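Residues per chain are reported as follows:
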Amino acid sequence: MTLANGRTYLAIPGPSVAPDRVLNAMHRAAPNIYEGPLHDMVDTLYPDLKAVARTKGDVAIYIGNGHAAWEASLTNVFSRGDKALVLVTGRFGEGWAEAARGLGVDVTMLDFGRQSPVDPARLAEALKADKGHQIRAVMTVHADTATTVLNDIAAIRKAIDDCGHPALLMVDCIASLGCDRFEMDAWGVDVMVAASQKGLMVPPGLAFVWFSEKAMAVHQSAGLVTPYWNWTPRTRGTMFYQKFNGTAPTHHLFGLRESLTMLVHEEGLEAAWARHAVLARAVWAALAAWGDGGPVAANIREVANRSNAVTSVRIGAPDGTRLRRWVEANTGVTLGIGLGMNTDADPNSDGFFRIAHMGHVNAHMVLGVLGSIEAGLTALQIPHGGGALAAAAAVMAEA
Ligand SMILES: *Cc1c(COP(=O)(O)O)cnc(C)c1O
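1. Things to note about the environment of alanine 126
Mapped onto the secondary structure, alanine 126 falls in helix α5 (residues 120–128). In this structure alanine 126 comes out as partly exposed when scored by relative accessible area, which is 22%. In this structure, the C-alpha to C-alpha distance between alanine 126 and alanine 393, residues 267 residues apart in sequence, is 45 Å.

In structure tokens:
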């Protein structure tokens, strides 16, 4: 006998749950890539992608994952030896920094630890020390999927502006886009990267880079530009094939058309953000109840500094891994692994697990995940307080 039989639920922070509508939109005969409906459909994607990012800037679409978006963004603005300042609040900030270093960018990392957001005052200090304005870009992650911290991008922009520093601001929204409020133009972001398989609810395979006019001006003299990632033909070319530098990712694009219809035209971006906010608060209410009488706690203490897309939970090694395995084997729910939280005492981040609440997720799915975790805590005799499901349900009821 197993209670895991039935529809499984992958509650990890990407790939997220793809709506049946998106999968069905992809399930079709291959379209003509040279003319006809595919071309007309692709034209409609750009305004909606800009709406999701809240920008009037440009967006380039790539066949790729988040790492592809990282490389695409970097090669379009840097030259070998240029300086970048990377504000690190978790594994993904480090990852983007390593990608830049691998391309020959002179990277300095400012690390804010694993439980705190970027401190704009420390950024300001670093920029003031750069008297010759050598730093070409400040790079950071909106929601770092490992620590699940949410950074205040407007405050980071303000720190740069207050120093009178001309650096570009580049932001990784791979986890947060469509989940946490993000305002590319209002917050003064020059380059933003995302991928299809998180808040955008499409299987992995599409990467995106949005960029401002200021970034486009820097791009004109960037020495790392390569033919494949180059923004110019992808966004200014007159031939359809230039948009993808070859064969278009046909079926993924039809999936994206459907997901953008759902997100932008049916639910609405503001309503989607509000849904994510309530579901996240329900998760945090459950964590608080469990923690009152046991080791369970959200990794990020301040609620204002938490992402609405995913929550990293601290439980103590090895119980993060034990619980995750029990829940998968016995309930059909797969939780996210602890990532990048390793210490000498816990080299594999076994003291953590993550709950994704990003994308195509609703109240009953979140309650199912929380109930499954509760069953695991009980079965494994991990001490925990009571009333977690009631607390989560109360948040939903009030909303
Ligand atoms: C998922 C993720 C990435 C990496 O994306 P891949 O598709 O795995 O390459 C990068 N940054 C953030 C914030 C992410 O959540």
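There is more to say after this.
2. Some words on the domain arrangement of the protein chain
Domain boundaries assigned for the protein chain yield domain 1 (9–16 + 268–398) and domain 2 (25–251). On a C-alpha basis, the centroid separation for the pair domain 1 and domain 2 is 28 Å. Contacts between domain 1 and domain 2 engage 28 residues on the former and 28 residues on the latter. Of the roughly 2300 Å² buried between domain 1 and domain 2 on both sides combined, carbon and sulfur atoms contribute 56%. Taken together, the connections running from domain 1 to domain 2 amount to two salt bridges. One salt bridge in this structure joins arginine 54 and glutamate 270, with 2.8 Å as the shortest N-O distance. Between domain 1 and domain 2 we count 17 residue pairs in polar contact (both at pLDDT 80 or more) in total. Taken together, the elements giving at least two residues each to the side of domain 1 that touches domain 2 come down to α10 (269–291) and β12 (310–314). Element by element, the count of residues in the side of domain 1 that touches domain 2 is highest for α10, at five residues. Across the side of domain 1 that touches domain 2, the residue classes tally to eleven nonpolar, twelve polar and five charged.

3. Details of the state of the cysteines
What we call a disulfide is simply a covalent bond connecting the sulfur atoms of a pair of cysteines. For the coordinates displayed, the defined rule picks out zero disulfides. Free of any disulfide, cysteine 179 has its nearest neighbouring cysteine sulfur in cysteine 173, separated by 10 Å. Judged by relative accessible area, which is 0%, cysteine 179 ranks as buried.

4. Some remarks on empty space enclosed by the protein
In this structure the tally under the stated criterion is one cavity of 30 Å³ or more. Approximately 30 Å³ is the volume attributed to the largest cavity. Every residue lining the largest cavity is listed: Tyr9, Leu10, Ala11, Ile12, Ser16, Val17, Ala356, Met358 and Val361. Here the element with the most residues in the lining of the largest cavity is strand β1 (residues 9–11); it accounts for three residues. Considering only residue class, the lining of the largest cavity consists of eight nonpolar, one polar and no charged.

Conventions used here
- Residues numbered from 1 in each chain as written.
- Predicted model: local features only at pLDDT ≥ 70, side-chain atom pairs only at ≥ 80, totals over all residues.
- Heavy atoms only, no water.
- Helix = DSSP H or I, 4+ residues; strand = E, 2+ residues; numbered from the N terminus.
- Buried < 20%, exposed > 50% of the residue type's maximum accessible area, 1.4 Å probe, protein only.
- Domains from an automatic or database assignment.
- Contact = heavy atoms within 4.5 Å.
- Buried area = accessible area lost by both parts, 1.4 Å probe.
- Salt bridge = Lys/Arg side-chain N within 4 Å of Asp/Glu carboxyl O.
- Polar contact = N/O pair within 3.5 Å; in protein donor to acceptor, adjacent residues only side chain to side chain.
- Nonpolar A, V, L, I, M, F, W, Y, C, P; charged D, E, K, R; others polar.
- Disulfide = S-S within 2.5 Å.
- 1 Å grid on protein atoms, 1.4 Å probe; cavity = no way out; pocket = protein on both sides within 12 Å on 5 of 7 lines; lining within 4 Å.
- Points joined across faces, edges and corners; volume = space filled by probe spheres on them.

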